[in-house]
Structures are given as C-alpha cells and as structure tokens.
Amino acid sequence: MSDIDRVDALVDRLLAEHSFDDPQAFWGAQYDLGLAWVWFPEGFGGLGLARGLQSRINRRLEEAGAPTWNRRVNILGIGMGAAVLAAHGTDEQKRRWLRPMFTTEEIWCQLFSEPGAGSDLAGLATRAVRDGDEWVVTGQKVWTTLAHIAKWGLLVTRTDPDVPKHRGLTYFVVDMQAPGVDVRPLYQITGEAEFNEVFFDEVRIPDDQRIDDVGAGWRVAMTTLMNERVAIGGDTTPRGSGAIAEAVRVWKESRSDDPVLRDELVRLWAEWEAFRLTAARASEMAKAGTPGPEGSTGKLVWADLNKRITSFTVELMGMDGAVFPGGYRLIRPEGRDEMPPQKAFLRARANSIEGGTSEIMMNIIGERVLGLPPEPRVDKDVPWKEVPRG
Ligand SMILES: Cc1cc2nc3c(=O)[nH]c(=O)nc-3n(C[C@H](O)[C@H](O)[C@H](O)COP(=O)(O)OP(=O)(O)OC[C@H]3O[C@@H](n4cnc5c(N)ncnc54)[C@H](O)[C@@H]3O)c2cc1C
C-alpha cells in the first residue's frame, strides 16, 4: 500500500468513526491515528511519513467539514511548539505535551520578545539561574500572544552572561500558572488585547522542562522561528478563500461597476493565487524536519499581500469601511473570534511585524537564500554582559 493510500484509508476511518460534535474528542482520535503531524514518529501524533502529506490530510478534513480550527486556536503550540518538541524534546516530554496541545486542552504561547530584544532576539536579558533540580527565572517578556489563556509557554532565557550572546541561551517550557508569573494585557489597534506583557519574578522551572542542552537555546529558538514563518506565511487554504474571498464578497455586495476597482480586485486575486500555489507546492514537497530560510519568502509576501487585500476591501465599502462593527470593545480574545473586514484591515497592520519584521525577512533571504554579504555584526564575539544596552 502506498503512503498516500495508507493516509487516505486512515482519514476515511477517522471520518467514519468520529463525530464532529465533540471537536476535542475528534482531535484526540486524529492524534491517535497519527494524522496530527504525519511526519512525526508513530505514537506521537504521526506516522513517520513525508511532511508534505499533511496538507492532503488537512484538505480532506476541511472538505468533509470536520473541525480543523484547533490549528488556529493553538497556533503557537501546534504550529511551532510541537515542531520544537519533535526536534529537541525527549520522548517523555513529547508524551506529556503533544496530545493535549493538539486537542487544545492546553493552549501554548511563545515568550521570546523583550522590551530590549525583538529583531535582535539573541540579545535577550531574562535570566535563568540553576538551583539544584530547578531553574529560577526573573525578567520580562512582551507581545506574548494568548499568554492570558495559555497553560504552557516556550521560553528562551539567558543562562550564561559571560559568553557571546548566541551561546549563553537556554530554552524551557514554563507553566504559565506557576507562582511568580504575572500576565498583563496590552491593547492593540483593533481594541483587543490579543497579546500581553509577562513578568517573571523568581519563577521556578523543573530541569525536566528544559528543552535540549544548557546553552543550546539559540538552536531551539531557530527551530521555533523557522516553523513560525511557515505557520504564518505557508497558507494552503482552498482557492479563493480567506482574505481574497472577503474582498470578492464585498465587491459583489457593492455592485460597483468601476473598471479600475475591478482591475485591482483581479490583480489581487491573481497575486493571492500565485502565492497560494507557491505555498501549497512548498508544503507538498516538504520532507520531515525543520523548514529552511526559504520559509521567510512566504511570510514576506503574505504580509504585504494581506495588508493590500484588507485595505482594498475597506476601500470598497466606502464610508461603512470606517465604522467599526459592534463598537470598539476592549476584549481579550481566545483565538476563534469574528473578523469583519474593518477589523481584518486593522489586524493586518501587524503582519509585517509579528513572527519577524519584513526587513528581517529580507535580511534572511539576502544572506541565507541569495548568498549576499552579511550585515556587520560588531557584538558577535563579545561576551553578552559587555555589550552596551539601552
Ligand atoms: C500581533 C503581534 C503578535 C506578536 N506575538 C508575539 C509572541 O507571541 N511572542 C513573542 O515573543 N513576540 C511576539 N511579537 C513580537 C514580534 O516578534 C516583534 O515585535 C518583532 O520581532 C520585532 O521586534 P521589535 O518589536 O522589538 O522591533 P525592533 O526589533 O526594535 O525593530 C524596530 C524596527 O527596526 C527594524 N530593524 C530592526 N533590526 C533591523 C535590521 N537588522 N535590519 C533592518 N531593519 C531592522 C525593524 O524591521 C522594525 O521596523 C508579536 C508582535 C505582534 C505585532
């Protein structure tokens, strides 16, 4: 039996034996059949097959109307945390965390950015100091999406200030409900507090929640970021769906006969389709393992296109585009919220910042894909504690 036939038979079985009424039970069954991350080992939500087969599974589930929104609600876990555990975690860590992550029983967040370390992530200052079988963490993170509902956080810390910045980092999974973790909302242009600032005041993390070796945090962080860029810019949704579907719907409703607007809509549709097909091809060709720097291309293109499509949609709406539906309520979202065009327009402004800015994507593509000369890095060989900081 070919790998495709095997996967198709398992999808048929999942659809035949499990109802859509209880999404968490459905996702549990999907995990147990190895259809959660098909390239992961058997017993850990996968079948050890090519990564590219996952898009076939997802497409078939979507076409059948099965619940697939766990990937959206728990994007930081399912899109990135899982890949980190698969590449760097122990079997015990995978067994503990992967299944409840996939079923959304446990939501995950990503604690990377700090007030003084965003694009320059390796310069981060949150300290972890060893105390027997535990680590004591003190510092501050910022822009932490969904920290207010997360059970677990992917955390990069500085464990050795005496070596150059990339070498003194260690990666942990932190319990977001542990004593000393303080999550405070940060409100965005949409009026929502989707992200937060997070303070750590002598938070204790058991050493068995460390991911990979002490000092290997940069390597693990890179696995996280490579997967984040694919999770954000690797759209493999069906043709004509998503932001461009909304633009077409609003166009039809507007009954506009303006040829300039129609030309613009068709241009955006074609650009979106070219992006979508490129992402789908990359996803289907993907083997097991961590995506490479070329994942930055999709993220860069998607950020720009999504901004232009959502701007065009509110422009089509005329004055209605300027009115925020339902009022401008300050809420703390949980990942499954409505996205009317006005809100999508405002939310899209963040696309060229989140997951690495577009300038940083261009630097990565220039240096690591095109082989252009690298940026000067004056602090590369200087111990972190001697690098001047603001
Ligand atoms: C909606 C949203 C959600 C987010 N969620 C999370 C999250 O869950 N977890 C998390 O850890 N972080 C999160 N972030 C933070 C995000 O990763 C950072 O904002 C981003 O990496 C940029 O860092 P910064 O904000 O510190 O900007 P800076 O790094 O200070 O950059 C400021 C400006 O300088 C430019 N710049 C900086 N360095 C260079 C360079 N070398 N070359 C050229 N230009 C440069 C940048 O492109 C940018 O325009 C989120 C951000 C947003 C907007």
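Residues numbered from 1 in each chain as written. Predicted model: local features only at pLDDT ≥ 70, side-chain atom pairs only at ≥ 80, totals over all residues.

Here we take up the pairing of strand S4 (residues 152-158). Extensive coverage of S4 is indicated by the burial of seven of its seven residues. Here S4 shows a buried face lined by Trp152, Leu154, Val156 and Arg158 and a second buried face lined by Gly153, Leu155 and Thr157. Here strand S1 (residues 108-111) runs beside S4; their pairing, made up of four bridges, is parallel. Bridge pairing links tryptophan 108 to tryptophan 152 in S4. Where S4 and strand S5 (residues 169-175) come together, seven bridges link them in antiparallel fashion. When the bridges of S5 are listed, leucine 154 appears paired with valine 173. (Buried ≥ 20, exposed ≤ 12 C-beta atoms within 10 Å, placed from the backbone. Helix = DSSP H or I, 4+ residues; strand = E, 2+ residues; numbered from the N terminus. Pairing = 2+ DSSP bridges.)

What follows covers the environment of asparagine 196. Along the chain, the position of asparagine 196 falls in strand S7 (residues 195-206). By C-beta crowding, asparagine 196 is classed as buried, having 23 other C-beta atoms within 10 Å. Placed 99 residues apart in sequence, asparagine 196 and tryptophan 97 show a C-alpha to C-alpha distance of 23 Å. Residue contacts for asparagine 196: discarding those within four places in its chain leaves Thr144, Ala147, His148, Val183, Arg184, Pro185 and Leu186. (Contact = placed C-beta atoms within 7 Å.)

We note that the domain assignment places domain 1 (3-102), domain 2 (108-215) and domain 3 (221-369) within the protein. Look at where the C-alpha atoms of domain 1 and domain 3 centre, and you get two points 24 Å apart. Taken together, the contact between domain 1 and domain 3 spans 15 residues of the former and 16 residues of the latter. If you list the elements that add at least two residues to the side of domain 1 that touches domain 3, you get helix H4 (70-73) and helix H5 (75-88). The leading source of residues in the side of domain 1 that touches domain 3 is H5, at seven residues. Classifying every residue of the side of domain 1 that touches domain 3 gives nine nonpolar, four polar and two charged. (Domains from an automatic or database assignment. Nonpolar A, V, L, I, M, F, W, Y, C, P; charged D, E, K, R; others polar.)

Let us now look at the site of the ligand. In the neighbourhood of the ligand, 20 residues make up the surrounding shell, with Phe112, Gly118, Ser119, Thr357 and Glu359 lying closest. Elements that contribute at least two residues to the shell around the ligand include exactly S1 and helix H12 (358-369). Counted by class, the shell around the ligand contains eight nonpolar, nine polar and three charged residues. (Near = placed C-beta within 6 Å.)

With that settled, the discussion passes to the environment of threonine 224. Inspection of the secondary structure assignment puts threonine 224 in helix H7 (residues 217-233). Residues threonine 224 and threonine 290, 66 residues apart in the sequence, show an inter-C-alpha distance of 8.9 Å.

Taking 1.5 Å per residue as the helical rise, helix H10 (residues 295-316) with its 22 residues ought to reach 32 Å, and the 32 Å between its terminal C-alpha atoms agrees with that figure. Most of H10 is tucked away, with 17 of its 22 residues classed as buried. (Expected span 1.5 Å × (residues − 1).)

Viewed as axis vectors pointing N to C, H5 and helix H6 (residues 91-102) meet at an angle of 165 degrees, and their least axial separation amounts to 10 Å. The angle between H5 and H6 places the two elements in the roughly antiparallel class. The hand of the H5/H6 crossing is left-handed. Seen from H5, the contacting residues are Gly77, Ile78, Gly81, Ala82, Leu85 and Ala86; seen from H6, they are Gln93, Lys94, Trp97, Leu98, Met101 and Phe102. Here the residues of the contact of H5 with H6 sort into eight nonpolar, three polar and one charged. (Axes fitted to C-alpha atoms, helices over the stretch in contact; angles between N-to-C directions. Parallel < 35°, antiparallel > 145°, perpendicular 65-115°, else oblique. Left-handed = near helix turned anticlockwise from the far one by under 90°.)

What follows concerns helix H3 (residues 53-63). Listed in full, the buried residues belonging to H3 are Leu53, Gln54 and Ile57. Axial view of H3: buried residues confined to an arc of 105 degrees, hence all on one face. Packing partners of the buried residues in H3 comprise helix H1 (3-17). Just downstream of H3, glycine 65 is the residue with a positive phi angle, here 80 degrees. (Arc of directions from axis to C-beta.)

Turning our attention to the environment of aspartate 304. Within the secondary structure layout, aspartate 304 lies in helix H10. Aspartate 304 sits 54 residues away from serine 358 along the chain, and the two C-alpha atoms are 8.6 Å apart.

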